[in-house]
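# Working through the structure, step by step
The lines below spell out each chain.
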Amino acid sequence: MTVHSRTPTIRSILFTLNGSIVPVIWRRVLYTIVLSFIVVWADVHLFTMKVGLNAAPLTLMGLTLAIFLGFRNTVAYQRWWDARTMWGELIIASRDIARQTLAFLPEASPATRRELVQSLIAFAYAMRHHLRAKDPSADLAPLLPPPVLAAVMASPNRPGALLNHMGVAFATAAREQGASPILLASIDKELGALSHVLGGCERIQGTPLPYAYLLLLHRTVHIYCFLLPFCLVGLVGWFTPLLVGVLAYTFFGLDALGDQIEDPFDILPNDLPLDTYCLTVKNELQALLDTDRR
């Protein structure tokens with residue numbers, strides 16, 4: 001995810017490409033501008049009888065298309081925000097479990113406490129790779145003992161397998177140290193929150209918007225932008241390419257932006273920064289472990 005200043009300058013608004021939708025849609029916008037020049041030239045030089053469309057079809061179709069795009073982007077943003085909320089809950093739950101482990105299991109060996117906390121870091125990385133359908137072994141190997149790593153990698157749902165391992169490991173450590181059942185129940189509640197996050201993210205990833213709806217929207221956007229120069233040439237003449245370019249940028253941009261944020265776990269510029277979230281979990285929990293050694 002690309003992050004910019006909260007107080008952008010005029011220059012950055014007009015010319016920033018990093019994180020914008022322009023690299024995705026510029027070919028489509030350029031096509032409509034070139035088509036507009038051809039339509040205007042033909043209207044001026046080839047046709048003595050002007051038979052261009054008026055603005056009525058453009059207005060009616062544009063209003064309908066704007067409603068469709070607004071609804072689709074609202075749904076896509078809701079998916080993006082739900083995913084962001086889930087990862088926020090993961091960070092909070094990881095902090096709480098690590099804090100409880102270090103504070104209320106003081107008699108456990110440093111190696112045991114470190115293994116328990118590192119399994120929380122491993123869960124965040126396993127989640128990221130699971131949602132992106134990638135191999136997590138490189139990130140998990142430094143965090144998990146070899147037998148645990150082998151068992152996790154053998155599972156089709158690696159974060160789920162790691163969650164089961166953490167449940168057993170925390171329960172075993174708490175019973176060996178004679179910890180209060182209240183503490184064990186508290187840790188189990190936080191592990192349940194991690195399970196809720198995993199299930200929620202899988203629900204978002206596994207339930208895309210209906211393809212027929214997206215296909216209808218994509219087709220309508222392209223037809224609308226194709227008709228733009230024919231509807232505007234009789235009204236604005238040689239200003240048609242400029243106006244068409246602005247309108248095409250708006251509609252193609254909204255369409256493409258909805259495509260990006262519909263899957264918030266991808267690696268496109270406007271998707272969630274899962275790498276940063278995992279690094280946040282790692283740095284904060286590692287800091288707790290470093291403090292615990294002093």
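These numbers come from a predicted model, not from an experiment. Every chain begins its residue count from 1, and numbering advances along the sequence as written. Restriction of local features to residues with pLDDT of at least 70 applies here, the model being predicted, together with a cutoff of 80 or more for giving and counting side-chain atom pairs; totals for whole chains, interfaces and linings are based on all residues. No hydrogens and no water enter the side-chain calculation; it runs on all heavy atoms of the structure.

### Here's the deal with the overall build of the protein chain
Put simply, the rule is: Every helix listed is a DSSP run of H or I at least four residues long, and every strand listed is a run of E at least two residues long, numbered separately from the N terminus. Relative accessibility under 20% of the residue-type maximum defines a buried residue, over 50% an exposed one, and the middle range a partly exposed one, all with a 1.4 Å probe and only protein chains included. We call two residues contacting when some pair of their heavy atoms lies within 4.5 Å. Per-residue and other accessible areas were derived by the Shrake-Rupley procedure at a 1.4 Å probe size, with only the shown protein chains allowed to occlude residues.
A count of helices and strands for the protein chain gives 11 helices and 0 strands. Reading the helices (α) and strands (β) of the protein chain from amino to carboxyl end gives α-α-α-α-α-α-α-α-α-α-α. Within the protein chain, the proportion of its 294 residues that are buried is 41%. At a minimum sequence separation of 6, the contacts of the protein chain that also span at least 24 residues come to 78%. For the protein chain, the exposed area adds up to about 16,000 Å²; of that, 67% sits on carbon and sulfur atoms.

### Points about a nonpolar patch on the surface
The criterion, for reference: Patch definition: residues above 30% relative accessible area lacking any salt bridge, with like charges linked at up to 9 Å and the nonpolar side chains Val, Leu, Ile, Met, Phe, Trp and Tyr linked at up to 5 Å. By definition here, a salt bridge exists when the distance from a side-chain nitrogen of Lys or Arg to a carboxyl oxygen of Asp or Glu is within 4 Å.
Taken together, the side chains of Phe37, Trp41, Val44, Leu46 and Trp238 present a nonpolar region at the surface, about 550 Å² in accessible area. Position of Trp238 among the secondary structure elements: in the loop between helix H9 (211-236) and helix H10 (240-262).

### What to know about the packing of helix H4 (residues 110-132) against helix H7 (residues 158-176)
Here is the rule we go by: Convention adopted: a line fitted to C-alpha atoms gives each axis, helices being fitted over their contacting stretch, and angles between N-to-C directions are expressed from 0 to 180 degrees. Convention used here: angles under 35 degrees read as roughly parallel, angles over 145 as roughly antiparallel, angles from 65 to 115 as roughly perpendicular, and any remaining angle as oblique. By the definition used in this description, the sense in which the near helix is turned from the far one sets the handedness, with an anticlockwise turn below a right angle giving left-handed and a clockwise turn giving right-handed.
It is the contact of H4 with H7, at a shortest axis distance of 9 Å, that shows an interaxial angle of 165°. Judged by the inter-axis angle, H4 sits roughly antiparallel to H7. The way H4 lies across H7 gives a crossing that is left-handed. Counting all contacts with H4, which are made through Thr112, Glu115, Leu116, Ser119, Leu120, Ala122, Phe123, Ala126, Met127 and His130, the residues of H7 involved are Pro159, Leu162, Leu163, His165, Met166, Ala169, Phe170 and Ala173.

Just distances and angles here, no functional claims.
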